[in-house]
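Reading the structure
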Amino acid sequence: MTALDIANTDIMSTDMGMSPSSFDSSDGYHGAAGQLSAVPPVLSRKQKAAIIVRLLLAEGAALSLQDLPDALQTELIRQMSSMRYIDRATLKSVIDEFVVEIENIGLAFPGGIEGALSILDGAISPATAARMRKMAGVRLTSDPWATIAGLDPDLLLGVLEQESTEIAAVLLSKLKVSVAAELLGKLPGPRARKVAYAVSLTGAIDPEVVEKIGRALAEQLDAQPAKAFEAGPVERVGAILNFSPAATRDEVLDGLDADDSTFATAVRKAIFTFANIPARIDPRDVPKITKDIDQSVLITALAAATGKLESVADFILGSMSKRMSEQIREEMDNLGTVKAAEGEAAMAAIVAQIRELEAAGEVLLIAEDED
């Protein structure tokens, strides 16, 4: 823990001060007018806190005092406004006590449930964190807009669609321009125009109103139940079918067509198979995909691509250099007939490589409705 952390939290605790020191005695300032006594005066804990904060700010330290409750921020302002000059002996005494306080601290824990959850973020399940917040009735004390900005944009899209245009305009104005533009583009035309116009009317809105809106939205979004799965049902089914045998995949999709054609269509769009390569892979990305695939696996997959899949093999070979393409075709001819299971396993390895590169951001899959 640093001195800055202490100034931000512990020194501004319940009574905004430090522990009593040896110079908290009846002896104080007894000098004549214009003279300063060598004996430090009696200081309250609030005064000591104000002195430390003033000193750190004078030295250029960046204090996150906005994270403190409003009542403590207000009390600090009042205390600092009532103080004038501090002599060097008093300042030295306060600093010495402050340093002792820091050196005596071995470990510090945050106050309250929210502070504990922030430390344990990533170490405990989201469901447990949500349940603890609900049980404790935790109220956000930090900047609500910082919390909102870190949420999934798709979650914020629901707020823009359901809340009043005024609330939506404030939310849009507090987000990063790139995120706001993305969300605005996902709104229906009439709704997007109304929200955009409402943004023009937010110039004179009171900062306290903006903060209240932020807290209300943050608490509303935080109260939503935690999701058991990170991905949606379409993505989960699509991911499973991606690595299923072709016969199983076709049978499942036919069954989904009969039960829920809309869901089946969405799943088909989420699926990426060997057959989708020509439609969804940029030819310039083919060398990047094939360079890390074992040559024997690539040759096996292309040799097994007959019938409807022959166009996929032609697409891959046509995206390579002429010399490399001719060499692979020769190897394919020498390989002869490939067993169905071996061919499908090789094709699955190529698809897995594409998915891995996509996850790393090195390959971008073309959407099916794009030209």
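Throughout what follows, the structure given in this document is the object of discussion. (Residues numbered from 1 in each chain as written. Predicted model: local features only at pLDDT ≥ 70, side-chain atom pairs only at ≥ 80, totals over all residues. Heavy atoms only, no water.)

**Points about the packing of helix 2 (residues 45–58) against helix 4 (residues 88–103)**
At their nearest, the axes of helix 2 and helix 4 sit 10 Å apart, and the two run at 90 degrees to each other. Our classification of the angle between helix 2 and helix 4 gives roughly perpendicular. The residues of helix 4 that touch helix 2, namely those facing Lys 48, Ile 51, Ile 52 and Leu 55, are Leu 91, Val 94, Ile 95, Glu 97 and Phe 98. Here the contact of helix 2 with helix 4 is composed, by residue class, of 7 nonpolar, no polar and 2 charged. (Axes fitted to C-alpha atoms, helices over the stretch in contact; angles between N-to-C directions. Helix = DSSP H or I, 4+ residues; strand = E, 2+ residues; numbered from the N terminus. Parallel < 35°, antiparallel > 145°, perpendicular 65-115°, else oblique. Contact = heavy atoms within 4.5 Å. Nonpolar A, V, L, I, M, F, W, Y, C, P; charged D, E, K, R; others polar.)

**Here's the deal with the side chain of Thr 273**
Among the secondary structure elements, Thr 273 is positioned in the loop between helix 15 (261–270) and helix 16 (277–280). Apart from residues lying up to four places away in sequence, Thr 273 is in contact with Asn 242, Arg 249 and Val 351.

**Section: a nonpolar patch on the surface**
Taken together, the side chains of Ile 119, Leu 120 and Ile 124 make up a nonpolar region of the molecular surface, amounting to roughly 250 Å² of accessible area. Note that Leu 120 resides in the loop between helix 5 (112–119) and helix 6 (126–136). (Patch = residues over 30% accessible without salt bridge, like charges linked within 9 Å, V, L, I, M, F, W, Y side chains within 5 Å. Areas by Shrake-Rupley, 256 points an atom, 1.4 Å probe, with all protein chains shown as cover. Salt bridge = Lys/Arg side-chain N within 4 Å of Asp/Glu carboxyl O.)

**Focus on the pattern of salt bridges**
Counting across every chain of the model gives 11 salt bridges. A salt bridge links Asp 285 to Lys 288, with the nearest nitrogen and oxygen atoms 3.8 Å apart. Its relative accessible area of 29% is what places Lys 288 among the partly exposed residues. Each of Asp 154, Glu 182 and Lys 186 takes part in a single network of salt bridges with overlapping partners. (Buried < 20%, exposed > 50% of the residue type's maximum accessible area, 1.4 Å probe, protein only.)

**Observations concerning helix 11 (residues 189–199)**
Every buried residue of helix 11 is accounted for by Arg 191, Ala 192, Val 195 and Ala 198. Axial view of helix 11: buried residues confined to an arc of 125 degrees, hence all on one face. Seen from the open side of helix 11, the exposed residues pointing more than 90 degrees away from its buried face are Arg 193 and Tyr 197. The secondary structure elements touched by the buried residues of helix 11 are helix 8 (153–162), helix 9 (165–174) and helix 10 (177–186). (Arc of directions from axis to C-beta.)

**A look at the environment of Arg 280**
Here Arg 280 shows up in helix 16. Along the chain, Arg 280 and Ile 366 lie 86 residues apart, while their C-alpha atoms are 4.4 Å from each other. Reaching out from Arg 280, the side chain makes a polar contact with the backbone oxygen of Ile 366 at a distance of 2.9 Å. (Polar contact = N/O pair within 3.5 Å; in protein donor to acceptor, adjacent residues only side chain to side chain.)

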